[in-house]
Every structure is written in structure tokens, then in C-alpha cells.
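# Overview (structure and organization)
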2 protein chains.
Amino acid sequence: MDNALKKTVLRLFTYGLYAATTKQGDDVGVMTVNWLTQCSFDPPLLALAVEADSHSRQVIEASGTFALNLYESGQRELAGSLGRTFRKHPEKITEVAWQPGPATGSPLLENALGWVECKVTSSLPTGDHILFVAEVVEAGLNREGVPLTLKETGFKYAG
Amino acid sequence: MDNALKKTVLRLFTYGLYAATTKQGDDVGVMTVNWLTQCSFDPPLLALAVEADSHSRQVIEASGTFALNLYESGQRELAGSLGRTFRKHPEKITEVAWQPGPATGSPLLENALGWVECKVTSSLPTGDHILFVAEVVEAGLNREGVPLTLKETGFKYAG
């Protein structure tokens with residue numbers, strides 16, 4: 001396989017951008033993610049791939065829950081800021097306004113377009129990531145708007 | 001949970017559109033899919049959710065392989081045509097030009113923008129779908145172009 005060509009083709013795949021958040025006690029995780037998809041209507045399930053060595057992975061495993069907050073078109077800077085590594089920027093969650101979700105306590109960002117709260121039902125190690133399958137247990141919409149896409153940002157998390 | 005609100009929020013999630021193809025002997029599966037995501041850089045892995053009762057699910061399990069063909073912007077009609085059920089339209093693959101992929105034999109559509117061939121590494125039942133995790137083993141680009149998105153088509157496969 002031509003690895004440069006593989007990267008080119010995989011970067012043509014279409015993604016949205018979301019803030020994945022999770023909370024266990026005082027330990028709060030937040031990261032910008034695009035590797036996710038719905039994977040069942042009934043029950044409503046999502047699959048989310050999280051970096052295997054990330055702080056958020058540890059908090060998701062401890063809490064068994066996470067939320068996905070939809071960024072809005074124009075929120076590239078916010079997505080980039082929350083996409084910085086926890087190791088270098090453990091304070092990043094304090095830079096945004098949020099409140100705990102009603103079903104899971106996962107942070108819901110006030111500036112997001114909308115959100116879903118999820119409870120993990122299973123997980124599968126997938127190379128340098130771990131894939132969490134989770135049931136959507138609560139949802140909310142903060143306002144009407146157009147969702148942010150990976151393409152709009154110019155970020156390159158694929159390949 | 002308010003199910004109508006849950007559906008509204010999940011339909012804001014961003015998806016591309018792809019023809020997933022698979023072949024085992026003379027048994028050929030093709031379907032239009034949007035529930036997929038990359039889930040590892042190294043090795044390069046994808047996760048694809050396939051309807052549990054679909055013909056393609058059976059062929060993917062028999063062959064252990066599939067290809068994802070990227071639709072191009074403007075190919076809404078093609079995506080809709082290949083999205084019809086195999087039960088009612090078992091001949092649908094004969095309506096498009098294709099050749100078997102070099103690594104897996106999965107059909108590569110001549111009209112697609114590009115493609116990846118994948119070998120299944122694991123699978124997980126997820127409600128009314130099954131989630132296949134697969135390694136990208138070959139890739140190709142037929143031409144430059146803009147990928148088709150679920151949003152462009154107005155199709156509603158989410159919620």
C-alpha cells in the first residue's frame with residue numbers, strides 16, 4: 001500500500017467536530033473529537049474513538065459516561081483550544097462555561113449548539129485508540145445553527 | 001429523554017456518504033452507508049456500522065473484507081440507487097461499472113472519487129446494527145473532487 005495515497009484518501013472522509021467531555025468526581029476530561037458515528041437506532045448507540053493514552057480515556061473508563069457537545073460553524077478557535085493535550089493544558093476546561101449534564105454529570109458546554117449524554121456499554125481496543133460504544137441517554141439543543149465540520153477548520157485528524 | 005429532541009440533535013451530526021461493497025465468490029454486496037469513522041492511525045483502522053439483517057452483513061462476514069467507495073458531490077442519485085434494499089433490488093450492483101479490488105476483490109466503483117479496501121479484524125453487535133472494525137490494506141484515488149455529504153443529499157440516516 002502507498003501510505004501517502006492512503007492518507008490522501010482517508011483525509012477525504014467527512015467528519016463533524018465535537019467536544020467530548022467526561023467527569024468522575026473532580027476529575028474532568030474534555031477533548032475535541034471527530035472520530036465518531038452513530039451505530040444503532042434502537043437502542044440509540046454511538047461509537048467514539050479516543051486516543052489510548054489520553055486523560056479523557058481514563059476518565060471515561062472511570063465514570064462510564066461522556067457527553068458530546070456539537071461545535072457550531074465558526075467555533076474553530078474553541079475546537080482548537082479544547083483540542084490541546086491535557087498533559088500540557090490541564091486547565092483547559094476552566095476556560096469555558098459549562099454545567100454538569102442531568103443524566104451523567106458530564107460537562108455540557110454553554111456555547112455548544114447541542115449535546116447528547118452517553119453511557120458506555122462496551123469498549124474495544126483499536127490500535128492507537130480505544131473505541132467506546134455508548135447509549136444516548138439524554139439530549140439537548142441550545143439553539144438553531146449550522147454544525148462545525150472538520151473540513152471548515154482545516155484540521156487534519158484522519159489518514 | 002425526549003425522543004424527538006434526541007432525533008433532532010443526532011441528525012445534526014456530520015456524515016459523508018460511501019458505497020460499501022463486498023464480494024464472496026459470486027455473492028456481491030453493495031450498499032450506501034454513512035455510519036463509519038476511522039478509529040486508529042497505526043494500524044489504520046476503520047469502524048463501519050452495518051444493518052444487522054442486511055445482505056451485505058452476511059457477505060462481509062463470509063469474505064472478511066469490504067471496500068468503501070467515496071461518492072462525489074453531485075452523486076445523490078447514485079447513492080440513493082445503491083441504497084435501495086438488496087431484498088427488493090438484488091440486481092443493483094449490475095447497474096454500475098466496477099472491478100474487483102486488488103487486495104480483497106471487493107467491488108471498486110469506476111464512478112467513485114476514490115476507495116479503500118479493508119480487512120475485518122473484529123466485530124461487535126450494536127443494537128440493530130453490527131459494528132465491523134477493519135484495517136485499511138489498499139487505497140486509490142480515481143480523480144480530484146469534492147466528496148458527497150449526507151447533508152448535501154438531504155437523506156436522514158441518523159437519529
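Rules used throughout
- Residues numbered from 1 in each chain as written.
- Chains lettered and ligands numbered in written order.
- Predicted model: local features only at pLDDT ≥ 70, side-chain atom pairs only at ≥ 80, totals over all residues.
- Helix = DSSP H or I, 4+ residues; strand = E, 2+ residues; numbered from the N terminus.
- Rg over C-alpha atoms; globule rule 2.2 N^0.38 Å.
- Buried ≥ 20, exposed ≤ 12 C-beta atoms within 10 Å, placed from the backbone.
- Contact = placed C-beta atoms within 7 Å.
- Pairing = 2+ DSSP bridges.
- Axes fitted to C-alpha atoms, helices over the stretch in contact; angles between N-to-C directions.
- Least-squares fit on C-alpha atoms with pLDDT ≥ 70 in both.
- Core = buried A, V, L, I, M, F, W, Y, C linked by C-beta atoms within 7 Å.
- pLDDT = per-residue confidence, 0-100.

## Structural notes on the overall build of chain A
When you go through chain A residue by residue, the secondary structure sums to four helices and nine strands. In chain A, the succession of helices and strands from N to C terminus is α-β-β-β-β-α-β-α-β-β-β-β-α. Against the globule reference of 15 Å for 159 residues, chain A gives a C-alpha radius of gyration of 15 Å, in line with a compact fold. Structurally, chain A occupies a C-alpha span of about 45 × 35 × 35 Å along its principal axes. The buried share among the 159 residues of chain A stands at 49%. Here the analysis covers contacts within chain A between residues at least 6 apart in sequence; of these, 69% occur between residues at least 24 apart.

## Focus on the sheet that holds strand 4 (residues 45-51) of chain B
The antiparallel open sheet is built from seven strands, whose spatial order is 2-1-5-8-9-4-3 (chain B). In the strand order of this sheet, the two ends are held by strand 2 (27-33) and strand 3 (36-40) of chain B, each with one partner. Mean inter-strand twist for the sheet, computed between neighbouring axes without regard to direction, equals 35°. Across four bridges, the pairing between strand 1 (residues 18-24) of chain B and strand 5 (residues 65-70) of chain B is antiparallel. Within the sheet, the bridge partner assigned to tyrosine 18 of chain B lies in strand 5 of chain B and is leucine 70 of chain B. Its contacts with the sheet place helix 1 (residues 3-10) of chain A against strand 3, strand 8 (114-126) and strand 9 (129-141) of chain B, and it is angled at close to 125° to strand 9 of chain B. Against the sheet, helix 2 (residues 55-63) of chain B contacts strand 1, strand 2, strand 4, strand 5, strand 8 and strand 9 of chain B, and its axis sits at roughly 55° relative to strand 1 of chain B.

## Section: the pairing of strand 3 (residues 36-40) of chain A
Residues and elements named next belong to chain A. Among the five residues that make up strand 3, five are buried, leaving the element largely enclosed by the rest of the structure. As paired strands, strand 3 and strand 4 (residues 45-51) are joined by four bridges and run antiparallel to one another. Residue pairing in the sheet places serine 40 in a bridge with leucine 45 of strand 4.

## Quick notes on the relation of the copies chain B and chain A
Between the two copies, chain B and chain A, the superposition gives an RMSD of 0.0 Å; the rotation angle is 180° and the shift along the axis is 0.0 Å. Such a combination of rotation and displacement between the chain copies is what one expects of a two-fold axis. Counting the interface residues of chain B, we find that 98% of their copies in chain A are interface residues as well, pointing to one common contact surface.

## Structural notes on the interface of chain B and chain A
On the side of chain A, 45 residues touch chain B, which itself brings 46 residues to the contact. Every element with two or more residues in the side of chain B that touches chain A is listed here: helix 1 (3-10), strand 3, strand 4, strand 8 and strand 9 of chain B. Residue contributions to the side of chain B that touches chain A peak at nine residues, all from strand 9 of chain B.

## Things to note about the sheet that holds strand 2 (residues 27-33) of chain A
If you trace the seven strands from one edge of the open sheet to the other, you get 2-1-5-8-9-4-3 (chain A), paired in antiparallel fashion. What marks the edges here is a single partner per strand, and that holds for strand 2 and strand 3 of chain A. Strand after strand, the sheet turns through a mean of 35° between neighbouring axes, direction not considered. In this sheet, strand 2 of chain A lies alongside strand 1 (residues 18-24) of chain A in antiparallel orientation, the contact comprising seven bridges. From the neighbouring strand, alanine 20 of chain A faces strand 2 of chain A, where its bridge partner is methionine 31 of chain A. Relative to the sheet, helix 2 (residues 55-63) of chain A contacts strand 1, strand 2, strand 4, strand 5 (65-70), strand 8 (114-126) and strand 9 (129-141) of chain A, its axis offset from that of strand 1 of chain A by approximately 55°. Together, strand 3, strand 8 and strand 9 of chain A form the strand contacts of helix 1 of chain B, whose direction differs from that of strand 9 of chain A by roughly 125°.

## Notes on the nonpolar core
Counting 96 residues, the largest nonpolar core has Leu48 of chain A together with Leu48 of chain B as its most contacted members. Residues within four places of leucine 48 of chain B in sequence aside, it is in contact with Ala20, Val33, Leu36, Phe132 and Ala134 of chain B.

## Points about unusual backbone geometry
Note that the residue after aspartate 42 of chain A, namely proline 43 of chain A, is joined by a cis bond; omega there is 0°. Take proline 43 of chain A: it is sitting in the loop between strand 3 and strand 4.

## So, the environment of glutamine 58 of chain A
Inspection of the secondary structure puts glutamine 58 of chain A in helix 2. Taking the C-alpha atoms as reference, glutamine 58 of chain A lies 20 Å from serine 81 of chain A; in sequence the two are 23 residues apart.

## Regarding the confidence of the model for chain A
Per-residue confidence for chain A gives a mean pLDDT of 97; residues scoring 70 or more make up 100%. For this predicted complex, the interface confidence comes out at an ipTM of 0.97, alongside a pTM of 0.97.

## Digging into the pairing of strand 1 of chain B
The buried fraction of strand 1 of chain B is high, at six of seven residues. Once strand 1 of chain B ends, the chain turns through two residues before running back antiparallel as strand 2 of chain B, passing glycine 25 of chain B with a positive phi of about 65°.

## Describing the environment of alanine 62 of chain A
With respect to the secondary-structure elements, alanine 62 of chain A resides in helix 2. Here the alpha-carbon distance between alanine 62 of chain A and alanine 79 of chain A, two residues 17 residues apart in the chain, equals 24 Å.

## Describing the environment of alanine 79 of chain B
Residues and elements named next belong to chain B. Here alanine 79 lies in helix 3 (residues 76-82). The class of alanine 79 is buried, set by 21 C-beta atoms lying within 10 Å. When the C-alpha positions of alanine 79 and tyrosine 18 are compared, they lie 7.6 Å apart, and in sequence the two are 61 residues distant. With residues up to four places along the chain from it excluded, the contact list for alanine 79 reads Leu17, Thr32, Tyr71, Leu148 and Thr153.

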